[in-house]
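Read off the chains here:
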Amino acid sequence: MSVPHFRKVAAIALATGLGLGLAACSTKSDDDTDAAGKTIITVDCQPVGAQKNLLQAWNDDVKAFEAANPTIKIKSVSVGTQCANPPDFTARLQGGSMTDVFYGYMTDVQQVIDSGQAMDISAFVNKDSIPTWDDVLADAKNTFTKDGKVWGVPTKNYSMGLVYNKTLFTKAGLDPKSPPKTWAEVREAAKKISALGDGIAGFGEYSSGNTGGWHFTAELYAQGGALVTADNKKADFNNDMGKKVLQNLKDMRYGDNSMGARQLLGWGDLLTIAGAGKVGMFVGAPDATTAIVTQFQGKYEDWAMGAMPGQDGAAKGTLGGGEGYFFKKGLTDDQVKAGLKWLAFEKLTPGKGQFDYARAKAQGEQVGLPQPQLFTPGSPSQKSEFDLRKANGNIAPDDFSAFENNPVTIKFEPPNAQGIYAILDGAMSAILTNPNANVDAELKKAEDKVNQLLTQAAK
Amino acid sequence: MAIATVPGAGIDVGSQAPAPVDPRRARRNRRLKDNLTGYAFLIGAVICFAFFSWYPMIRGVVMSFQRTRAGETTWVGWDNYERIINDPSFWTAWQNTLYFTVLALVLGYAVPFFLAVLLNEFRHAKGYLRILIYLPVMLPPASALFLFKYLAYDPSDAGLFNSILKGLGLPTSQWMQSTDMTMPAMVIASTWMNMGGAVLIYLAALQNIPGELYEAAELDGAGLWRRITNVTIPQTRLILSLMAMLQVVATMQLFIEPLILANGAGSEDSATSVVYLIYQHGFFQNDLNGAAALGVIMLVALIGFSAVYARLNAKQD
């Protein structure tokens, strides 16, 4: 090979290699301003292409927002399941490839702070930047506040109740307007529904992929219990309340045989069965019905929701959770202000963005779910949101009234929730797959593991 | 007076004469020049390996000795290793992984070899049979596992395997929902998914065995079993031994089977593998440093195994 030819080959090879290497290393975010001097912010969770209505609504909102704020440019990023899949979120967070304004679950707050990737936005968040800020639920705001510093803005919340299939209730001779209120009633209803045969389970429950621990927590809160002690240092579920949670489920699974043959269910598994009309009841949040229809081929008209069942009467508590947005470290003041303005518009203003019920109704989306209930009851924002919801609601009036009219005290998730849920999956899977599982032994085993996890996390 | 007519007379001869050439250096230069194109192309690959393989590996080892809190990274020595080893799931994960590896060696290793020997004996339709056996490899692993999860391992009597068992008058199984059956069920699925590749490799090795050896064995009165033990196995010893090591290294990295078939840990942690535990620490427990420490422990274990294996193999040679 001639020397000039060699040089050309070497240069191409070197440039390719370096290019690939540098591209892999580059995590630099976009510039903060464009040529016209507009402040640029990148935001994630733009709906994916398959969600046509949601994507159309998002794009319309971006246009409307930019028209109203000519000094701001929004760059939307759609990252597939990143906004609903914790491992994807962790990977992006640790890789430093989040957008300027990025989504996270309430359970992610500690992880986001530990990563050092988010900025303290305490100095920016107030009713000037988000006009409805004073009306936002204090508990939701507190979830994103640590040691007096505000790390994020809550944008959605949920609490758990009893989701049930009205059609199966009717077939089983049960009153679809009167869902079970106690675990004894749940048990009786589950027996009648499973007696319909055809592989129908009366009651469905999770026990894998961290969802078993998640539901154990919801059902423990209903008993009046707590997952960890007030100082977050020890497990607090190895007691009568924890035993009742597991015993209720074990009695239904092996005593009544009313939970179907398939166990070890994860989030999608149970909703798949629900979409196919093969489960009568399960513990869930109001938007579970939306997921059943939009992702799992179910029908809205089949589903309704009641309050979380209590042991002998009303539930003493229920699990609440939700999501919000964080701001990437290193943004300029203008970018933070622009980001807050966008969140205020898209997520926290009745009549706009996620609360644009008139548009959702016109698109054929389900309108009228009792959540998200982001605003303090009685506040102007809450009243406005409620009125708009009622005016545009397209769900049957009774479908969610048993849930909405019987509010249960909401208790949010503890720190290290995902790690604790993973451990509690073991107890849930044991009592749902092993007829000889011992409730006391399973609770003790889980307690020891959670204590060890909490000790390790505190180091 | 005669003037010297020697060419170059009066000039410093040394500065004009060609420099003495070091033959070794010349050879090296020539070799370098011959290989320049190769080196040029290699640079891209080396940079890619450096960024995508070596750097993450080194970074992982460093991270295993650090802890990150609120963006601050501190050096904590062996703390992460101590934490990980004291995690009750650590030993469960190792037990499960080793159990899977042993089962996979018994089943997943023997079945493809047996199939390859059978296939090698066929005179007709060899090509079709090869395609049939290789087909599962073409399925994306996740799709193949979902087939097992929802179709074959359905614990109700309507499940595929349970229907067959019931039809044969045998007791049905809870498959992935039974702590006893979790590992065998995962090995069955994994073997079905992966054996096509191994069968083809064994088949290639078998077809390289000179036919005269079999003819000689037959003349000596050797039956099928004696031909396999006295000709086939000794002649394919090297490939068998390499495949055994690859099988162990691959099965120790058990992850996708528990993730899909058991939604993670499975019934009472019966499916938790070491790699799944790394995933749990890294992505759900906000403990990347612990995950890195566990990854390093696994790396050391696999290096240790490979070294012992190489030593034993060398002795046999």
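Fair warning: this is a prediction, and the values are worked out from it, not measured in the lab.

Asker: Just checking my understanding: could you explain the overall build of chain B for this structure?
Answerer: When you go through chain B residue by residue, the secondary structure sums to 16 helices and two strands. Each principal axis of the C-alpha distribution contributes one length, and for chain B these read about 125 × 75 × 35 Å. With 317 residues in all, chain B has 40% of them scored as buried. Taking contacts inside chain B between residues at least 6 apart in sequence as the whole, the part at least 24 apart equals 63%. For chain B, the accessible area works out to roughly 18200 Å², and carbon and sulfur atoms hold 67% of it. Here chain B contributes 21 positively and 20 negatively charged side chains, and the mean placements of these two sets differ by 11 Å.

Asker: For this particular structure, what's the right way to read the UniProt feature "domain: ABC transmembrane type-1" (unreviewed entry) in chain B?
Answerer: Here the UniProt feature "domain: ABC transmembrane type-1" (unreviewed entry) sits at residues 94–309 of chain B. Secondary structure within residues 94–309 of chain B divides into 75% helix and 0% strand; the distance between the first and last C-alpha atoms comes to 20 Å.

Asker: Quick question: what am I supposed to make of the packing of helix α9 (residues 240–255) of chain A against helix α16 (residues 417–433) of chain A here?
Answerer: Angle between the axes and distance between the axes are the two parameters that describe a pair of packed helices. Residue and element names in this part refer to chain A. Following both chains from N to C, one finds α9 and α16 inclined at 30°, their axes separated by 8 Å at the closest point. The orientation of α9 with respect to α16, classified from their angle, is roughly parallel. By crossing handedness, the relation of α9 to α16 is classed as right-handed. Contacts from L246, L249, K250, R253 and Y254 in α9 reach A427, M428, I431, L432 and T433 in α16. For the contact of α9 with α16, the class distribution of residues is seven nonpolar, one polar and two charged.

Asker: Looking at this model, I keep getting lost on the confidence of the model for chain B. Mind explaining?
Answerer: Interpreting fine coordinate detail is not advised for predicted regions of low pLDDT. Per-residue confidence for chain B gives a mean pLDDT of 86; residues scoring 70 or more make up 93%. In this model, residues 1–14 of chain B is a region of pLDDT below 50 whose contacts with residues beyond four sequence positions or in other chains number two contacts.

Asker: Can you help me understand the interface of chain B and chain A in this one?
Answerer: Taken together, the 42 residues of chain B in the interface contact 50 residues of chain A. Carbon and sulfur atoms supply 59% of the area that chain B and chain A bury against each other, a total of about 3800 Å² over both sides. Among the residues of chain B in contact with chain A, B:Q177, B:E268 and B:F284 are the three that bury the most area, contributing 16% of the side total. Remark: the boundary between chain B and chain A carries two salt bridges. In this structure, B:K149 and A:D269 form a salt bridge, with 3.7 Å as the shortest nitrogen-oxygen distance. Counting across the interface, chain B meets chain A through 14 residue pairs in polar contact (both at pLDDT 80 or more). Counting residues per element, the ones that place at least two in the side of chain B that touches chain A are α3 (36–63), β1 (66–69), α4 (79–86), α5 (88–108), α8 (141–152) and α15 (274–283) of chain B. Here the side of chain B that touches chain A takes ten residues from α3(B), the largest share from any one element.

Asker: I tried to follow the pattern of salt bridges on my own but got confused; where do I start?
Answerer: Close approach of charged atoms allows side chains with opposite charge to pair. Under the defined criterion, the tally for this structure stands at 19 salt bridges over all chains. Put simply, A:K177 and A:D398 hold a salt bridge, and the shortest N to O gap is 3.8 Å. Taken together, the positions of A:K177 in the loop between α6 (166–171) and α7 (183–194) and A:D398 in the loop between α14 (380–392) and α15 (401–404) put the pair 221 residues apart, joining distant regions of the chain. For B:D269, the salt bridge is made with A:K449, and the minimal N-O distance between the two is 2.7 Å. With B:D269 in the loop between α14 (256–261) and α15 and A:K449 in helix α17 (residues 439–458), this residue pair bridges two chains. By relative accessible area, which is 15% here, B:D269 ends up buried.

Asker: For this particular structure, what's the right way to read the pairing of strand β1 (residues 39–43) of chain A?
Answerer: On a regular strand, each side chain points to the face opposite its neighbour's, so the side chains alternate between the two faces of the sheet. Burial runs high along β1(A): five of the five residues are buried. Judged by which residues are buried, β1(A) turns out to be covered on both faces: A:T39, A:I41 and A:V43 on one side and A:I40 and A:T42 on the other are all buried.

Asker: Would you explain the UniProt feature "transmembrane region" (unreviewed entry) in chain B in this entry?
Answerer: Here the UniProt-annotated "transmembrane region" (unreviewed entry) positions come out as residues 36–55, 98–119, 131–152, 185–205, 236–256 and 291–312 of chain B. As annotated, residues 98–119 of chain B comprises 95% helix and 0% strand, and the C-alpha atoms at either end are separated by 31 Å.

Asker: Help me understand the packing of helix α11 (residues 211–219) of chain B against helix α12 (residues 224–235) of chain B, please; the structure alone is not making it clear to me.
Answerer: Residue and element names in this part refer to chain B. For the pair α11 and α12, interaxial distance at closest approach is 10 Å and the crossing angle is 160°. The orientation of α11 relative to α12 falls into the category roughly antiparallel. For the pair α11 and α12, the sense of crossing is right-handed. Residue-level inspection shows L213, Y214, A217 and E218 of α11 in contact with α12, the latter providing R227, V231, T232 and Q235. Its residues placed into classes, the contact of α11 with α12 shows four nonpolar, two polar and two charged.

Asker: Whenever I open this one, the packing of aromatic side chains confuses me. Can you help?
Answerer: How two aromatic rings sit relative to each other is given by the distance of their centres and the angle of their planes. The tally for this structure, following the rule as stated, stands at 39 aromatic pairs over all chains. For the pair B:F90 and B:W91, a centre-to-centre distance of 4.7 Å together with 85° between the ring planes defines the contact as edge-to-face. Exposure remark for B:F90: the relative accessible area of 4% places this residue in the buried category. One aromatic cluster in this structure is built from B:F148, B:Y153, B:F161, B:W175 and B:W192. Over the aromatic face of A:W133 sits the side chain of A:K141, whose NZ or CZ is 4.8 Å from the ring centroid. Directly above the ring of A:Y221 sits A:K411, whose terminal nitrogen or CZ lies 5.0 Å from the centroid.

Asker: Sorry, what's going on with the sheet that holds strand β10 (residues 303–306) of chain A here?
Answerer: Within a sheet, each strand pairs with its neighbour through backbone hydrogen bonds, oriented either parallel or antiparallel. All names here are of chain A. On the basis of which strands lie adjacent, the open sheet formed by four strands has the order β8-β9-β7-β10 and mixed pairing. A strand with exactly one partner marks an edge of an open sheet, and here the two such strands are β8 (201–204) and β10. On average, each strand axis in the sheet is inclined to that of its neighbour by 20°, with strand direction left out of account. Summarising the sheet, strand β7 (residues 161–165) and strand β9 (residues 279–284) pair through four bridges and their orientation is antiparallel. In the sheet register, L162 faces β9, and the bridge partner there is V283.

Asker: Please clarify how empty space enclosed by the protein should be interpreted in this entry.
Answerer: Using a probe with the size of a water molecule, rolled over the atoms, empty space left in the structure can be pinpointed. For the structure on display, the rule yields four cavities of 30 Å³ or more. Around the largest cavity sit 21 residues that line it, and A:A422, A:I423, B:S89, B:L277 and B:Q285 are the ones nearest its centre. Computed from the structure, the second largest cavity encloses a volume of approximately 160 Å³. As for the second largest cavity, its lining consists of 15 residues, and the residues nearest its centre are A:R262, A:Q263, B:K149, B:Q177 and B:L261. Taken together, the residues of the lining of the second largest cavity sort by class into seven nonpolar, four polar and four charged.

Asker: What's the story with unusual backbone geometry in this structure? I'm lost.
Answerer: Glycine aside, residues mostly have negative phi, and peptide bonds are mostly found in the trans state. Residue and element names in this part refer to chain A. In the segment running from Q371 into P372, the intervening peptide bond is cis, with an omega of 10°. Even without being a glycine, N210 presents a positive backbone phi close to 75°. Positionally, N210 belongs in the loop between β8 and α8 (211–223). Phi at Q297 is positive, roughly 60°, even though this residue is not glycine. Here Q297 falls in the exposed class, since its relative accessible area comes to 68%.

The rules we used
Residues numbered from 1 in each chain as written. Chains lettered and ligands numbered in written order. Predicted model: local features only at pLDDT ≥ 70, side-chain atom pairs only at ≥ 80, totals over all residues. Heavy atoms only, no water. Helix = DSSP H or I, 4+ residues; strand = E, 2+ residues; numbered from the N terminus. Buried < 20%, exposed > 50% of the residue type's maximum accessible area, 1.4 Å probe, protein only. Contact = heavy atoms within 4.5 Å. Areas by Shrake-Rupley, 256 points an atom, 1.4 Å probe, with all protein chains shown as cover. Lys, Arg positive; Asp, Glu negative; His and termini not counted. Charge placed at Lys NZ, Arg CZ, Asp CG, Glu CD. UniProt positions renumbered as here; feature names shortened; annotations may be inferred. Axes fitted to C-alpha atoms, helices over the stretch in contact; angles between N-to-C directions. Parallel < 35°, antiparallel > 145°, perpendicular 65-115°, else oblique. Left-handed = near helix turned anticlockwise from the far one by under 90°. Nonpolar A, V, L, I, M, F, W, Y, C, P; charged D, E, K, R; others polar. pLDDT = per-residue confidence, 0-100. Buried area = accessible area lost by both parts, 1.4 Å probe. Salt bridge = Lys/Arg side-chain N within 4 Å of Asp/Glu carboxyl O. Polar contact = N/O pair within 3.5 Å; in protein donor to acceptor, adjacent residues only side chain to side chain. Phe/Tyr/Trp six-rings, centres within 6.5 Å; stacked < 30°, edge-to-face > 60°. Lys NZ or Arg CZ within 6 Å of the ring centre and 35° of its normal. Pairing = 2+ DSSP bridges. 1 Å grid on protein atoms, 1.4 Å probe; cavity = no way out; pocket = protein on both sides within 12 Å on 5 of 7 lines; lining within 4 Å. Points joined across faces, edges and corners; volume = space filled by probe spheres on them.

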